[in-house]
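# Summary of the model geometry
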Amino acid sequence: MRTKFLKFSMILAIAIAFTSCKDKAEEANTSDAEAAAVSESTSEKYTVNVAESTIHWKGFKPTGTHSGTINLENGVFKTDDGKLQSGTFLIDMKSISVTDLESGDGKENLEAHLMGTVEGKEGDFFDVTKFPTAAFEITGTEAMAAGKTRLSGNLAIKGQKHNISFPVTITNADGMMTIESEAFTIDRTTWGVNYGSKSVFDNLGDKFINDDMELKIVVKAKKA
């Protein structure tokens, strides 16, 4: 009986591990910051529509997940022959919102902790008083299979800048360009967001937060 139980436990563990790996978003390639891409003087300009653009985020811990959104503050892109070549957008870190909790059920407390507006906990996560914006600047694009594009750019968070690359789908029709990424993950500790990280702190037990943070970017921009 014990042998059968051990075999069943092993099979169950493998199944759970396989499912977790299958569901996990692809990690963005991360490297040192690079020079921003530059377009020709004849490039066409697109201005980001912040009302229709957003960044979806998800954080993980042993007992579950939390998810939410962050708004963009502004942004500009340029295209050559209709293809995205360069651009930047600013991220309004004071707009961090938690969407998996209801108001009065921990939503406001978690938002305040993430933004760093709780006295004594300013630097735990994003410290928006000191760093009110994050930024992304395009450093390159590369065509992929199935009509997708690998977008590379410098992501600046909390004063630290690193280059990341991830797959996106770009559509451009009737003067409106949409850049939509697949879900991807980044290691938050690379940008100094260390709170609850087992790779930074010891003796956390099961009170840790995964280093991987999942992002999905949707940006819409109108031809100027």
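Residues numbered from 1 in each chain as written. Predicted model: local features only at pLDDT ≥ 70, side-chain atom pairs only at ≥ 80, totals over all residues. Heavy atoms only, no water.

## Describing the packing of aromatic side chains
To be explicit about the condition: Pairing of aromatic rings covers Phe, Tyr and Trp, the last counted by its six-membered ring, and requires centre-to-centre distances within 6.5 Å; plane angles under 30 degrees mean stacked, over 60 mean edge-to-face, and any other angle means tilted. Helix numbers and strand numbers start at the N terminus; a helix is a DSSP run of H or I with at least 4 residues, a strand a run of E with at least 2. Each residue is placed in one exposure class: buried if its accessible area under a 1.4 Å probe, protein chains only, is under 20% of its type's maximum, exposed if it is over 50%, and partly exposed if it falls in between. Lysine and arginine charges are scored as sitting over a ring when NZ or CZ, respectively, is within 6 Å of the ring centre and within 35 degrees of the ring normal.
Counting across every chain of the model gives 6 aromatic pairs. On the basis of an interplanar angle of 70° and a centroid distance of 6.4 Å, the ring pair of Phe-77 and Phe-89 is categorised as edge-to-face. Of this pair, Phe-77 sits in strand β5 (residues 64-80) while Phe-89 sits in strand β6 (residues 83-98); the two residues are 12 residues apart in sequence, bridging distant segments of the chain. Among the residues examined, Phe-89 registers a relative accessible area of 5% and is labelled buried. A ring pair is formed by Phe-136 and Phe-166, whose centres lie 6.0 Å apart and whose planes are at 55°; its orientation type is tilted. Placement of Phe-136 in strand β7 (residues 133-143) and of Phe-166 in strand β9 (residues 160-173) is noted, with a sequence separation of 30 residues between them. Here Phe-136 and Phe-166 have matching classes, each one buried. The rings of Phe-77, Phe-89, Phe-136, Phe-166 and Phe-184 are connected pair by pair, giving a single aromatic cluster. Cation over ring: Lys-198 sits above Phe-208, and NZ or CZ is 4.3 Å from the ring centre.

## A word on the confidence of the model for the chain
In regions of low pLDDT, the predicted coordinates are not meant to be interpreted in detail. Selection rule: Every residue carries a pLDDT, the predictor's confidence in it, which falls somewhere between 0 and 100. For this analysis, residues touch if any pair of their heavy atoms sits within 4.5 Å.
Of the residues in the chain, 89% reach a pLDDT of 70 or more, and the chain-wide mean stands at 91. Low pLDDT (under 50) marks residues 4-22, which in the prediction has 0 contacts with non-local residues, meaning those over four places away or in another chain.

## Here we look at the pattern of salt bridges
Opposite charge on two side chains lets them pair, provided their charged atoms get close. The line we're drawing: Each reported salt bridge corresponds to a side-chain nitrogen of Lys or Arg within 4 Å of a carboxyl oxygen of Asp or Glu.
Under the defined criterion, the tally for this structure stands at 6 salt bridges. The salt bridge involving Glu-26 is made with Arg-150; its shortest N-O contact spans 3.7 Å. Of this pair, Glu-26 sits in strand β1 (residues 26-27) while Arg-150 is found in strand β8 (residues 149-157), placing the two residues 124 residues apart along the sequence. Arg-150 gets classed as buried once you look at its relative accessible area, which sits at 17%. For Lys-161, the salt bridge is made with Glu-137, and the minimal N-O distance between the two is 3.3 Å. One end of the pair, Lys-161, is in strand β9; the other, Glu-137, is in strand β7, with 24 residues separating them in the sequence.

## Concerning the environment of Gly-87
Note that Gly-87 resides in strand β6. Once residues within four sequence positions are removed from consideration, Gly-87 is found in contact with Val-76, Phe-77, Phe-136, Glu-137 and Ile-138.

## Quick notes on unusual backbone geometry
Its identity as a non-glycine residue notwithstanding, Asp-174 has a phi of 55°, on the positive side. Take Asp-174: it is sitting in the loop between β9 and β10 (176-181). At Asn-203, a position not held by glycine, the phi torsion is positive, near 60°. Residue position: Asn-203 is located in the loop between β11 (184-187) and β12 (212-223). A relative accessible area of 81% means that Asn-203 is categorised as exposed.

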